Amino acid sequence: MIIAETLKRLINYDAATLTQLIQKAGHKEDTFTSCKFLGMTNGGQFCYKVKYFDKEMGIEQTTKVFVDVCPDTGATRVDY
């Protein structure tokens, strides 16, 4: 069960927090400029649309990141 406090946290991340979490997940150079919570996937992950500056192309791009909680440790996980 996801308690109300955890649910509130998982749907209210900002770009800076998602950047910290994605870097902790091993994507050290990735930085998000903005984000929007989209909803929950069928698999129980929380989906965000994020914007980032693509240095190679010289433009802002968008992608999705997925957030969940490790059932064993309770740690928040973020990945593409």
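Right above here is the structure, for reference.
These numbers come from a predicted model, not from an experiment.

The rules we used
- Residues numbered from 1 in each chain as written.
- Predicted model: local features only at pLDDT ≥ 70, side-chain atom pairs only at ≥ 80, totals over all residues.
- Heavy atoms only, no water.
- Helix = DSSP H or I, 4+ residues; strand = E, 2+ residues; numbered from the N terminus.
- Rg over C-alpha atoms; globule rule 2.2 N^0.38 Å.
- Buried < 20%, exposed > 50% of the residue type's maximum accessible area, 1.4 Å probe, protein only.
- Areas by Shrake-Rupley, 256 points an atom, 1.4 Å probe, with all protein chains shown as cover.
- Salt bridge = Lys/Arg side-chain N within 4 Å of Asp/Glu carboxyl O.
- Core = buried A, V, L, I, M, F, W, Y, C linked by side-chain atoms within 4.5 Å.
- Contact = heavy atoms within 4.5 Å.

**Q** Looking at this structure, I do not really get the overall build of the protein chain. What am I missing?
**A** Each helix and strand counted, the protein chain has two helices and four strands in total. Its helices and strands in sequence order give the protein chain the pattern α-α-β-β-β-β, from N to C terminus. Radius of gyration (C-alpha) of the protein chain: 13 Å, near the 12 Å computed for a compact globule of 80 residues. Referenced to the eigenvectors of the C-alpha coordinate spread, the extents of the protein chain come out at roughly 45 × 25 × 20 Å. Put simply, the protein chain has 80 residues, and 25% of those count as buried. Carbon and sulfur atoms make up 51% of the accessible area of the protein chain, which totals about 5,500 Å².

**Q** Would you take a moment to explain the pattern of salt bridges for this structure?
**A** Once the charged atoms of two side chains with opposite charge are near each other, the side chains can pair. Counted according to the given criterion, the structure contains one salt bridge. When the shortest N-O distance is used, the salt bridge between Asp-68 and Arg-77 registers 3.0 Å. According to the relative accessible area criterion, Arg-77 is partly exposed, its value standing at 38%.

**Q** Please clarify how the nonpolar core should be interpreted in this entry.
**A** A general tendency of soluble globular proteins is for nonpolar side chains to be buried together. Counting 13 residues, the largest nonpolar core has Tyr-13, Leu-18, Phe-32, Tyr-48, Val-65, Val-67 and Val-78 as its most contacted members. At the level of secondary structure, the elements contributing two or more residues to this core comprise helix 2 (15-24), strand 2 (46-54) and strand 3 (59-69). Broken down by element, the residue count for this core peaks at four residues, all from helix 2. For Phe-32, the residues in contact, after removing those within four places along its chain, are Ala-15, Leu-18, Thr-19, Ile-22, Val-50, Lys-51, Tyr-52, Val-65 and Tyr-80.

**Q** Please clarify how helix 2 should be interpreted in this entry.
**A** Working note: α-helix, 3.6 residues per turn, so residues spaced by three or four point in the same direction. All of the buried residues in helix 2 are Ala-15, Leu-18, Thr-19, Leu-21 and Ile-22. In this structure, the buried side of helix 2 is in contact with strand 1 (34-40), strand 2, strand 3 and strand 4 (76-79).

These values are about where atoms sit, not about what they do.
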